[in-house]
Amino acid sequence: MDRRTFLAGTGAALATSVAAKRFSFARRLGVSTASFAIRNRFSRAGIPPKGVPAFGGPVDFLEHCHRLQTVGVQIGVRNWGEGGLGKKLRARAEALGMFLEGQISLPRTEADVARFNAEVAAAKEAGVSILRTVMLGGRRYENFNTAADWEKFRKNSWQRLTWAEPIAKKHDVKLALENHKDWRIDEMLAILKRISSEHVGVNLDTGNNLALLEDPHAVVDALAPHTITTHLKDMAVQEYEQGFLLSEVPLGEGFLDLKRIVAVCEKANPRVRHNLEMITRNPLKVPCLTQRYWKTFGQRPVQDLIAALDRVRANKPKAPLPNIAGKSPAEQVAYEQAHNARSITYAHAHLKI
């Protein structure tokens, strides 16, 4: 793909997004940095495809999302205290009328609390009031080989959260815990009840708990009262020999009831923010028909597995699942851009956000 082709595609996406201005609604859609993971990766490596402008940093990403007619971003806060970056971000976001949300890692050790405090302080100075975080960076069924490993993680995660919560309180920001293919509904609710803090809420990912065999709409119903921001995504599923494949797809092209999801979240919290997280990648394997998958789940009833497979079989994909294998860097970037453009257009037109 040459520069002319790329810019023509981008221009078409922008034209459809600009057309969405005719809708009379309060636009609340931001973008998670993971939506542009491919372009970010090439930008960081200094090898963007020919004709594709690299993201030079958070300000570039903010401005790119503004051109796509979204009103906020959720991005990592590392190094915001250096070179006045946080102040530059705040000034530009305010000038564009956009919100900033941060992404931050919980303290890993007691010695790491100082790093966490400095990053929260820098984010606060930049105007951030919500910081998305996770307890597990990977996937429960892939990261742990034994129940003992999982139990060690559970205890360590709680310790990390108890180091972080007083700092969030001190700086008057909210930590938004994402359901990141780690906690099932009952486990997440137990954490929130135990910490019992107005400075800890939920970054609700609308698709992740499919990988834990839970109904995505039941997850939304349960976590919405605690939700302060979202990773809004649509999902497609397909059987394979060891379980099922799971893919993010452009909004409106999967099987989630997005109108219901948005309505439930906004009824519970009228000020909730939505961040598109359209991750363009190969399908994820959820090997729920293997013994290893079940190592950390204890005595979960077989009905969970039956219900999950019934859900997969009842929701056959409308098109082949997204796949970047074999695509050139330029093709990957264009594929990602198209997925995001379609999602933003759908969100404006059908979800009124």
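Residues numbered from 1 in each chain as written. Predicted model: local features only at pLDDT ≥ 70, side-chain atom pairs only at ≥ 80, totals over all residues. Heavy atoms only, no water.

Novice: Is there a simple way to think about the confidence of the model for the protein chain in this case?
Specialist: Caution is warranted with low-pLDDT regions, since their predicted coordinates should not be read in detail. Taken residue by residue, the protein chain gives an average pLDDT of 92. The fraction at 70 or more is 93%. Note that residues 1-24 has pLDDT below 50 and, in this model, 28 contacts with residues that lie over four places away or in other chains. (pLDDT = per-residue confidence, 0-100. Contact = heavy atoms within 4.5 Å.)

Novice: Even after reading the chapter, I still don't get the pairing of strand β8 (residues 234-240), so can you show me in this structure?
Specialist: Within β8, five of the seven residues are buried, which leaves it mostly tucked inside the rest of the structure. Note: β8 against strand β9 (residues 243-249), seven bridges, orientation antiparallel. For Glu239, the partnering residue across the bridge sits in β9 and is Phe244. Counting the residues that bridge the hairpin from β8 to β9 gives two residues. (Buried < 20%, exposed > 50% of the residue type's maximum accessible area, 1.4 Å probe, protein only. Helix = DSSP H or I, 4+ residues; strand = E, 2+ residues; numbered from the N terminus. Pairing = 2+ DSSP bridges.)

Novice: Even after reading the chapter, I still don't get the side chain of His231, so can you show me in this structure?
Specialist: Residue position: His231 is located in strand β7 (residues 227-232). Separated by 3.5 Å, the side chains of His231 and Glu178 make a polar contact. Filtering out sequence-adjacent residues up to four positions away, His231 remains in contact with Ser32, Gln74, Gln103, Arg132, Glu178, Asn203, Leu204, Asp205, Thr206, Asn275 and Glu277. (Polar contact = N/O pair within 3.5 Å; in protein donor to acceptor, adjacent residues only side chain to side chain.)

Novice: Sorry if this is basic, but what is going on with the pattern of salt bridges here?
Specialist: Charged atoms that come close allow side chains of opposite charge to pair. Per the counting criterion, the structure on display carries 24 salt bridges. The partner of Arg139 in a salt bridge is Glu142, and the shortest N-O contact between them spans 3.1 Å. Residue classification places Arg139 among the partly exposed residues on the basis of a relative accessible area of 22%. The partner of Arg300 in a salt bridge is Asp186, with the nearest N and O atoms 3.4 Å apart. Placement of Arg300 in the loop between β11 (284-286) and α11 (302-314) and of Asp186 in helix α8 (residues 185-195) is noted, with a sequence separation of 114 residues between them. Connected via shared salt-bridge partners are Arg140, Glu151, Arg154, Asp186, Glu187 and Arg300. (Salt bridge = Lys/Arg side-chain N within 4 Å of Asp/Glu carboxyl O.)

Novice: Just checking my understanding: could you explain α11 for this structure?
Specialist: Every α-helix winds through 3.6 residues per turn, so residues three or four apart in the chain are directed the same way. Here α11 contains 13 residues, and its C-alpha end-to-end distance of 18 Å stays within 8% of the 18 Å for a straight helix at 1.5 Å per residue. Listed as buried for α11 are Asp304, Leu305, Ala308, Leu309, Arg311 and Val312. All buried residues of α11 project into a common sector of 155° when viewed along the axis, lining one side. Facing away from the buried side of α11, by more than 90 degrees, are the exposed residues Val302, Gln303 and Ala314. (Expected span 1.5 Å × (residues − 1). Arc of directions from axis to C-beta.)

Novice: Explanation requested: the sheet that holds β11 in the structure shown.
Specialist: In sheet architecture, strand pairing relies on hydrogen bonds along the backbone and comes in two forms, parallel and antiparallel. Here we have three strands laid out as an open sheet, ordered β8-β9-β11, and antiparallel in their pairing. Looking at strand neighbours, the two that pair on one side only are β8 and β11, the edges of this open sheet. Across the sheet, the mean angle separating the axes of adjacent strands is 30° when strand polarity is ignored. Pairing geometry for β9 and β11, over three bridges, is antiparallel. Its bridge partner being in β11, Leu245 is matched across the sheet by Lys285. Sheet strands in contact with α11 are β8 and β9, and its direction is about 105° off that of β8. (Axes fitted to C-alpha atoms, helices over the stretch in contact; angles between N-to-C directions.)

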